[in-house]
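Report on the structure
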Amino acid sequence: MGCGRRPGAYMSDLKPREFLMIPGPTPVPDAVLEAAGKHPIGHRTPECSKALREAVDGLKWLGQTGNDAFVLTSSGTGAMEAAIANTINSSDRVLSVIVGVFGERWAKIAEAYGASVDRLVVEPGKAVSVDEVKAKIESAKKKEPYKAITITHNETSTGVINNLQGLASAAKNAGVLSIVDAVTSYGAVNLPIDDWGLDVVVTGSQKALMLPPGLGVIFFSSRAWQAHAKCNTPRFYFDLAKYRKSLEEDTTPFTPNVSLIMGLKASLDLMRGEGLEAIFERHVKLKTALRAGINALGLKLFVEEDAASPTITAIIPPEGITVDAIRKGLKQRFRIVVADGQEALKGKIFRIGHMGYVFERDILMTLASLEAVLSDLGHKTRPGEAVKAAVSAVR
Ligand SMILES: *Cc1c(COP(=O)(O)O)cnc(C)c1O
């Protein structure tokens, strides 16, 4: 408008709302913020018990399961630690499938509890082969069989989704416990816990559940309880037997994050309103639209289509343009936040999260903004092509 303002320099407090296109925390719907923003109520009240009960029922609906579900006041990693501390004895053999940073986290937690961990490490950007996992499990049987296998359903650090159904059935057929990080798949991707025979599944509140950070969730099968009965690992706060006993009375052993439980109930109500199929379809569409737009921008996708996550997309920056510059441009000019790569992939890829309270509009907005930023940085774009490609990919 000729005011001479540099793009990105907001001169007053009036600026567009910051938009999180990172893989957690994710945007939170107003109804959830309002529910979570009320003054906390006592955690031993009928109102709190009712909300907890409804939230737990909602979590089971979303996980298509009759297994126990517990809400923990912790981040997702707390739920991961609970998974190990309640099933694995020190010196148990564990197979950790590692397709990225979060797969390695399972291995580290299991080792912290004294497990003897075998790592099956996959090249970053690729999904694990079910046959390779089967072969590993078979060969371990000749010495000392694995007690459990740890799996990352959706690897957030690379944007890869694994064939969880195949992996779970390989584990189950061999009598190996499946322990699954579903933090960026649960609530966005079909995850029928009972049909697939998953034993332990964990998630966190700040991803597809559309909540602020602060809650962990853990699903526990009857086979997991059998392992629990034989597990003498020291634990206290995360002893799931305590949570089971308390939940029989619709409460928790310790003071939970009451505000987030209210929010969880509100977000699950919204999800029930949308419906499972619609939720899953929406996320596939987000991925499809984004990938088409990225292709049209002439950028490389880090993951091939068959392993591409519906909730997070990793992108390689064009020659001569840094991840930093792209992230800064998006942040300063448009207040859109995207993520860097993690660890070895830092500066090599940037990641756009699209899980939870995210719609086609948000993808188009991000693509258009990215196009403008890339053009500023000297990348040749054909204006409007990215949005056009995204729109037609999901029409
Ligand atoms: C976010 C995330 C976690 C949990 O991280 P916290 O910071 O502990 O909530 C675990 N696994 C994956 C795949 C994730 O994306």
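Everything numeric here is computed off the predicted structure, so don't read it as measured data.

**Side note on the overall build of the protein**
A count of helices and strands for the protein gives 13 helices and 15 strands. Taken along the three principal axes of its C-alpha coordinates, the protein extends 70 × 55 × 35 Å. Looking at the protein as a whole, 56% of its 395 residues are labelled buried. For the protein, the proportion of contacts with a sequence separation of at least 24, taken over those separated by at least 6, is 73%. For the protein, the computed accessible surface area is about 16800 Å², with 53% contributed by carbon and sulfur atoms. Seen as two clouds, the 48 positive and the 43 negative side-chain charges of the protein have centres 3 Å apart.

**Section: the pattern of salt bridges**
Per the counting criterion, the structure on display carries 22 salt bridges. Note that Arg53 and Asp250 form a salt bridge whose closest N and O atoms lie 2.9 Å from each other. Of this pair, Arg53 sits in helix α2 (residues 46-62) while Asp250 sits in the loop between α8 (240-247) and α9 (258-274), and the two are 197 residues apart along the sequence. Judged by relative accessible area, Asp250 falls into the partly exposed class, the value being 25%. In this structure, the salt-bridge partner of Lys147 is Asp92, at a minimum N-O distance of 2.7 Å.

**Overview of the site of the ligand**
The local shell around the ligand holds 13 residues, among which Ser75, Thr77, Thr156, Asp181 and Lys207 are the closest. Within the side chain of Asp181, one N or O atom sits 2.5 Å away from a nitrogen atom of the ligand. Mapped by element, the contributors of at least two residues to the shell around the ligand are α3 (76-85) and α4 (101-112). Counting residues per element, the shell around the ligand draws most heavily on α3, which supplies three residues. Of the residues belonging to the shell around the ligand, the class tally is three nonpolar, seven polar and three charged.

**Regarding the nonpolar core**
The biggest cluster of nonpolar side chains holds 83 residues, and the ones touching the most others in it are Leu59, Val133, Leu191, Leu198, Leu209, Ile218 and Leu264. Inspection of this core shows a minimum of three residues originating in each of domain 1 (2-26 + 275-394) and domain 2 (30-272). Those residues in contact with Ile218 that sit more than four places away from it in its chain are Asp68, Ala69, Phe70, Leu72, Ala79, Ala82, Ala83, Val200, Val201, Val202 and Leu240. Counting 28 residues, the second-largest nonpolar core is a separate cluster that includes Leu286, Ile326, Leu330 and Ile336.

**Topic: the domain arrangement of the protein**
One can read the domain layout of the protein as domain 1 (2-26 + 275-394) and domain 2 (30-272). The interface of domain 1 with domain 2 comprises 26 residues on the first partner and 27 residues on the second. Buried area between domain 1 and domain 2, summed over both chains or domains, comes out near 2200 Å², and the portion from carbon and sulfur atoms is 63%. By the criterion of area lost to domain 2, the three top residues of domain 1 are Leu276, Phe280 and Gln342, representing 22% of everything that side buries. Where domain 1 meets domain 2, there are zero salt bridges. Summed over the shared surface of domain 1 and domain 2, the result is 10 residue pairs in polar contact (both at pLDDT 80 or more). Residue assignment for the side of domain 1 that touches domain 2 shows that the elements contributing at least two residues are α10 (276-296) and β12 (312-316). Here the element with the most residues in the side of domain 1 that touches domain 2 is α10; it accounts for four residues.

**Re empty space enclosed by the protein**
In this structure the tally under the stated criterion is four cavities of 30 Å³ or more. Estimates place the volume of the largest cavity at around 40 Å³. Around the largest cavity sit Leu52, Phe70, Val71, Tyr243, Ser246, Leu247, Thr251, Thr252 and Pro253, which together line it. Looking at the lining of the largest cavity, the elements that each hand over two or more residues are β2 (68-72) and α8. Counting residues per element, the lining of the largest cavity draws most heavily on α8, which supplies three residues. Classifying every residue of the lining of the largest cavity by side-chain character gives six nonpolar, three polar and no charged. Lining the second largest cavity, in full, are Val71, Thr73, Tyr237, Tyr243, Thr252, Phe254, Thr255 and Pro256.

**Focus: the sheet that holds strand β15 (residues 350-353)**
Taken in spatial order, the four strands of this open sheet run β11-β12-β15-β14, and their pairing is antiparallel. Each end of this open sheet is capped by a strand with a single partner; those strands are β11 (300-301) and β14 (339-340). Relative to β15, β14 runs antiparallel, the two being bridged by two bridges. Paired with Asp340 across the two strands is Phe350, which belongs to β15.

**Regarding helix α7 (residues 222-229)**
Count 3.6 residues to each turn of an α-helix, and residues three or four apart come out pointing the same way. Those residues of α7 that fall on the buried side of the exposure criterion are Ala224, Trp225, Ala227 and His228. Seen from one end, α7 has its buried residues packed into an arc of 155 degrees, which puts them on one side. Residues Ser222 and Ala229 are exposed on α7 and point more than 90 degrees away from its buried face. In this structure, the buried residues of α7 make contact with β2, β8 (177-181), β9 (200-204), β10 (216-220) and α8. Put simply, Ser221 is the residue that caps the front of α7, since its side-chain oxygen is 3.3 Å from the backbone nitrogen of Arg223.

Cut-off values and rules
- Residues numbered from 1 in each chain as written.
- Predicted model: local features only at pLDDT ≥ 70, side-chain atom pairs only at ≥ 80, totals over all residues.
- Heavy atoms only, no water.
- Helix = DSSP H or I, 4+ residues; strand = E, 2+ residues; numbered from the N terminus.
- Buried < 20%, exposed > 50% of the residue type's maximum accessible area, 1.4 Å probe, protein only.
- Contact = heavy atoms within 4.5 Å.
- Areas by Shrake-Rupley, 256 points an atom, 1.4 Å probe, with all protein chains shown as cover.
- Lys, Arg positive; Asp, Glu negative; His and termini not counted.
- Charge placed at Lys NZ, Arg CZ, Asp CG, Glu CD.
- Salt bridge = Lys/Arg side-chain N within 4 Å of Asp/Glu carboxyl O.
- Near = heavy atom within 4 Å.
- Polar contact = N/O pair within 3.5 Å; in protein donor to acceptor, adjacent residues only side chain to side chain.
- Nonpolar A, V, L, I, M, F, W, Y, C, P; charged D, E, K, R; others polar.
- Core = buried A, V, L, I, M, F, W, Y, C linked by side-chain atoms within 4.5 Å.
- Domains from an automatic or database assignment.
- Buried area = accessible area lost by both parts, 1.4 Å probe.
- 1 Å grid on protein atoms, 1.4 Å probe; cavity = no way out; pocket = protein on both sides within 12 Å on 5 of 7 lines; lining within 4 Å.
- Points joined across faces, edges and corners; volume = space filled by probe spheres on them.
- Pairing = 2+ DSSP bridges.
- Arc of directions from axis to C-beta.

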